[in-house]
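Per-entry structural report
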Amino acid sequence: MSIKTHQFEVVIVGGGGAGLMAALYASKGASTAVISKLYPSRSHTGAAQGGISAAIGNLEEDHPEWHTYDTVKGSDYLGDQDAIEFMCYKAPELIYELEHMGLPFDRTKEGRILQRPFGGHTNNKTGKPVRRACHAADRTGHMILQTLYQQCIKNNVNFFDEFQVLDLIMVNGKAAGVVAIELATGDIHVFHAKAVIITTGGWGRMWEITSNAYAYTGDGAAMVLRKGLPLQDMEFFQFHPTGIYKLGILITEGVRGEGGVLINDKGERFMEKYAPTVKDLASRDVVSRAMYIEMKEGRGINGQRYLYLDVRPETVNKYAKIDGRTNPDGTPYQVTGEEILHKLPDIIDFCKTYLGIDPIKEPMPVQPTAHYAMGGIPTNVKTEVLSDEKGTVVPGLYAAGETACVSVHGANRLGTNSLLDLVVFGKEAGIHAAEYARGAEFAPLPDDAADFARAQLDSIRNSKGNERVADIAAEMKQVMMDKVGVFRVEEGMQEALDKIRELKERFKHIHIDDTGKVFNTDLLTAWEVSNLLDLAEITTASALARKESRGAHSRDDYPKRDDQNWLKHTLAWARGDGDIELRYKPVVITKYEPKERVY
Ligand SMILES: Cc1cc2nc3c(=O)[nH]c(=O)nc-3n(C[C@H](O)[C@H](O)[C@H](O)COP(=O)(O)OP(=O)(O)OC[C@H]3O[C@@H](n4cnc5c(N)ncnc54)[C@H](O)[C@@H]3O)c2cc1C
């Protein structure tokens, strides 16, 4: 089979928010290509609803330092404070940059960017929620993606859309390109590069109930793992409190930002008990756990595994009065149905479409949904990928966005901080990769550059067992949801690890029906499931080892945070045949010593 070869100084894997921001900046100093398995504007960034954070203080007092502190606290003190500070102080500049590119943010009457409250973002003096999330209705990610894509087209970035990257080419320990399959033809392409940036997004499809797109199968992280490089803090995966019951589709935290509240079967606004100051706007790990406890204690709606999210104007107005919530001018906060419809049009639409419910008139049934990977490919603030706990850099390899772990989110991400992470670190990746490429030569391409990728596909194509990929995927999702979800215990996680290993074994005996070349989704779905299995094993092994509760990693058998022994990042290597090596590295603490988190 002939292999097509291309050469670009910088190759970016992924065309989402992080990839496009990186492309925009890399293309200013180097020949740049974006390779994306989806058409770029279909990337998951387009599904982001609620907003992007920046302490621009358009409606009330706010400071980048408050944003920094909230992010450190939200991370349950596992975030690296140098990276967090860098991101929060860069945020205002990036928001204005997006605005100048043409991003249609919602506006105040005076024409300034409108902002709304989001979980965990507070006024550090009063502890009350602060309006820090900039938004374009509830389609903020869509607007970011469209804006960046237009800018990339304008800047002549080269796009290879619907090309799925299967392998990373490394020569003498340096990144030298990637191998991809062209979905429309089945042809294999080699992209020879001086620098590679991985921006492939997350892996929420590992769990049964998830807000994540079907494409969220962790391809980039799994590729890096197979190259003998570690993944960081994989045990920390965020469950968002409000997914549509059974479907997992996200209902943005912006609903609670606009005054919506969570209600149990007794009609109680139960978050008052768990987070007396910020209530429904506590950080996501805190709210998801509270919901699980309510349901476990029998206060789910009709005894079932869901609760109500209520944004009906009468409910919002009632609780706004109780909370003493005011508008920026000091007048009492009150909303009408039309105002809610104007601020949350897509949410109203989703509920009507998927549930036949109008949220202006009825409460929405919700349950926690697997949402966001805090862990991923370890990088430093320059987005250079790291190969060990000492911070050794892999030359020419960069990562940004959800697939990376820089680590600004630590053990728990605050809402609206991911879109910020994408633009801040996407930009850094583009700048540093182009700079590196300018000073580097193309490494000679090995003759067998495409062999590993082809062998992976061939082994799936030629496998003649009777296992079905869909069954294996369903069993993985179920066990991860039940045993490595919001609450975890030793025994359950061990059971999950054994199950995943059994599934990996069974995967060797799969059978796929489509043997063709054109858009062979059967083949590529199987390959994606193998990525998820590898990441599920690493996630569970990392989680089993961490004997404490911190952020999203909550253990019934070790309910307390243990800074003495566990204020450290996990690095996990897959050494083959189920041998997972775990090592640890310290958290970067600059100003904020760990304290108990009170919301
Ligand atoms: C429903 C939802 C709502 C959210 N709302 C918010 C919000 O309001 N605020 C906020 O801050 N965060 C939000 N988040 C989180 C945030 O949107 C994501 O973390 C972020 O958009 C990820 O961006 P990314 O660029 O890393 O990845 P993506 O935008 O997903 O892009 C990944 C890219 O990688 C490509 N790719 C993947 N694998 C391969 C491969 N093998 N070969 C080639 N290309 C590949 C894909 O084609 C895609 O272009 C939300 C997430 C979800 C799921």
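Further up the page is the structure itself.
Quick look at the structure, then. Computed from a predicted model, the values in this text were never measured in an experiment. (Residues numbered from 1 in each chain as written. Predicted model: local features only at pLDDT ≥ 70, side-chain atom pairs only at ≥ 80, totals over all residues. Heavy atoms only, no water.)

We now examine the pattern of salt bridges. By the definition in use, this model includes 58 salt bridges. For Lys194, the salt bridge goes to Glu9, with nearest N and O atoms at 3.3 Å. Here Lys194, found in strand β9 (residues 188–198), pairs with Glu9, found in strand β1 (residues 3–13); they are 185 residues apart in sequence, far enough to count as distant. Exposure remark for Lys194: the relative accessible area of 11% places this residue in the buried category. Among the salt bridges present, the one from Glu99 reaches Arg107, with a minimum N-O distance of 2.8 Å. On the accessibility criterion, Arg107 (36% relative accessible area) is partly exposed. One salt-bridge network, in which partners are shared between bridges, spans Asp76, Glu235, Asp285, Arg289, Arg546, Glu548, Arg550, Arg561, Asp563 and Arg597. (Salt bridge = Lys/Arg side-chain N within 4 Å of Asp/Glu carboxyl O. Helix = DSSP H or I, 4+ residues; strand = E, 2+ residues; numbered from the N terminus. Buried < 20%, exposed > 50% of the residue type's maximum accessible area, 1.4 Å probe, protein only.)

On to the packing of aromatic side chains. What characterises a pair of aromatic rings is the spacing of the ring centres plus the angle enclosed by the ring planes. On inspection of all chains with the given rule, the structure shows 17 aromatic pairs. Residues Phe86 and Phe425 carry aromatic rings whose centres are separated by 5.9 Å and whose planes lie at 35° to one another, so their mutual orientation is tilted. Here Phe86, found in helix α3 (residues 81–101), pairs with Phe425, found in helix α12 (residues 417–438); they are 339 residues apart in sequence, far enough to count as distant. The partly exposed category is assigned to Phe86, whose relative accessible area is 24%. By relative accessible area, Phe425 is classed as buried at 2%. Measuring from centroid to centroid gives 4.8 Å for Phe160 and Phe191, while their planes differ by 75°, and the two rings are edge-to-face. (Phe/Tyr/Trp six-rings, centres within 6.5 Å; stacked < 30°, edge-to-face > 60°.)

The next point concerns the pairing of strand β20 (residues 580–586). Sheet analysis places strand β19 (residues 568–574) next to β20, joined by seven bridges and oriented antiparallel. Directly across from His569, in β20, lies its bridge partner Lys585. Where β19 folds back on β20, the antiparallel hairpin that results is connected by five residues, among which Gly576 adopts a positive phi of roughly 95°. (Pairing = 2+ DSSP bridges.)

Our next topic: the sheet that holds strand β14 (residues 364–373). The four strands lie next to each other as β11-β14-β13-β12, forming an open sheet whose pairing is antiparallel. Every interior strand has two partners, whereas the edge strands, β11 (237–244) and β12 (261–263), have only one. The average angle at which neighbouring strand axes cross in this sheet is 45°, direction not considered. Pairing between strand β13 (residues 307–310) and β14: three bridges, direction antiparallel. Bridge pairing in β14 links Tyr308 to Pro365. (Axes fitted to C-alpha atoms, helices over the stretch in contact; angles between N-to-C directions.)

For the rest of this paragraph, the subject is the side chain of Ser418. In this structure, Ser418 sits in helix α12. Classification of Ser418 by relative accessible area gives buried; the value is 10%. In contact with Ser418, other than residues within four places in its own chain, are Tyr372, His409 and Arg413. (Contact = heavy atoms within 4.5 Å.)

Any functional reading would require information that these geometric values do not contain.
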